[in-house]
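Chain by chain, the residues run as shown.
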Amino acid sequence: MQKENLILGLKGHPDLQLRVITKNDIEDLRNWKNSNKTSFFLNQDITPEQQTKWFTVFSNQEHEHMFIVEQENGGEWKSIGCMGFRKLDDEGCTDAYNIIRSQKIEPASFTMSDAFGTMLAYAASLYDLPVRCKVLSVNPAVEWYKKNDFSIVSTENNYYLMELDKSTLRKFDWFMKNNQQ
């Protein structure tokens, strides 16, 4: 299955899908990151040129995955955020990163936690490694990560290294399909 055609879904939530990013998504990703820059390690605005360069490098990384979270609304798929993961050989883990909710559309049969769990279950199926994330200590999402079965394993200068209890991923009955569009 080609990475660029991958779509993840979660059984029981037909209005949710995670679609691998394409070049058409990079401006949304840049805007979302800039709007939430205080929550990330790179806390300055990203230019269109920097975003294009990032996408070129990202596209050539076999073990780096980024998804657009989409919600079906009124017969159309709407982008409501993004999230990604990458295998970090030097740290011996799978690293979750760039989890951003750009908008909330009601009603929805799912939460961002459902989308996140789906992605992490997929990541765990690829790599038999601990699933971790680095979260700035001032990021209010630290509590959200805890609610999503992450715990703090160490405190660094300005961030927490958090690790997922992977046994909790069994509850996500996810599936994958190719994008036929």
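Data block above holds the structure.
Counting restarts for each chain, with residues numbered from 1 along the sequence as it is written. The model is predicted, so local features are restricted to residues of pLDDT at least 70 and side-chain atom pairs to those at 80 or more, both for listing and for counting; the totals for chains, interfaces and linings are taken over all residues. Note that water and hydrogens are dropped before the side-chain values are worked out from all heavy atoms of the structure.

## Let's talk about the packing of helix α1 (residues 26-35) against helix α2 (residues 48-59)
- In contact at an axis separation of 10 Å, α1 and α2 are set at 120° when each is read in the N-to-C sense. As judged from the angle between their axes, α1 and α2 are oblique. With respect to the hand of their crossing, α1 and α2 are arranged in right-handed fashion. Seen from α1, the contacting residues are Ile 26, Leu 29 and Arg 30; seen from α2, they are Pro 48, Gln 51, Thr 52, Trp 54 and Phe 55. Axes, fitted as lines to C-alpha atoms, cover a helix only where it is in contact. Angles between the N-to-C directions of the axes lie from 0 to 180 degrees. Under the DSSP-based scheme used, a helix requires at least four consecutive residues in state H or I and a strand at least two consecutive residues in state E, with every element numbered from the N terminus. Here the angle decides the label: under 35 degrees means roughly parallel, over 145 means roughly antiparallel, 65 to 115 means roughly perpendicular, and every other value means oblique. What makes a crossing left-handed is the near helix being turned counterclockwise from the far one by less than a right angle; a clockwise turn instead makes it right-handed. Note on definitions: a residue-residue contact is assigned when non-hydrogen atoms from the two residues lie within 4.5 Å.

## Concerning unusual backbone geometry
- Along the chain, Glu 106 connects to Pro 107 via a cis peptide bond; the corresponding omega equals -5°.
- Relative to the assigned elements, Pro 107 resides in the loop between β5 (93-101) and α3 (112-126).
- At Asn 98, a position not held by glycine, the phi torsion is positive, near 55°.
- When you line up the elements, Asn 98 lands in strand β5.
- Notably, Asp 149 is not glycine yet its phi reads approximately 70°, a positive angle.
- Within the fold, Asp 149 resides in the loop between α4 (142-147) and β7 (150-155).

## Topic: the packing of aromatic side chains
- Aromatic rings from Phe, Tyr and Trp, with only the six-membered ring used for Trp, were paired whenever their centres fell within 6.5 Å, and each pair was classed as stacked if the ring planes differed by under 30 degrees, edge-to-face if by over 60, and tilted otherwise. A complete count under the given rule lists 14 aromatic pairs for this structure.
- Consider the rings of Phe 41 and Tyr 159, whose centres lie 5.4 Å apart with planes at 75°: the pair is edge-to-face. Here Phe 41 is found in the loop between α1 and α2, whereas its partner Tyr 159 is found in strand β8 (residues 159-164), with 118 residues between them in sequence.
- Judged by relative accessible area, which is 46%, Phe 41 ranks as partly exposed.
- Joined through ring pairs, the aromatic side chains of Phe 67, Phe 85, Tyr 122, Tyr 127 and Trp 174 make up one cluster. Classification of residues uses two cut-offs on accessible area relative to the type maximum, computed with a 1.4 Å probe and protein chains only: under 20% is buried, over 50% is exposed, and between them is partly exposed.

## Overview of the pairing of strand β2 (residues 16-20)
- Most of β2 sits inside the fold, with 5 of its 5 residues counted as buried.
- Burial along β2 is two-sided: Leu 16, Leu 18 and Val 20 facing one way and Gln 17 and Arg 19 facing the other are all buried.
- A pair of strands is considered paired only if DSSP assigns at least 2 bridges between the two. When strand β1 (residues 6-10) meets β2, the two strands line up antiparallel, connected through 2 bridges. By the bridge assignment for β2, Leu 8 is matched with Leu 18.
- The antiparallel pairing of β1 with β2 creates a hairpin that spans 5 residues between the two strands, and Gly 12 there sits at a positive phi of about 90°.
- Bridge count between β2 and strand β3 (residues 64-73): 5 bridges; the pairing is antiparallel. Considered in β3, the bridge of Val 20 is made with Phe 67.

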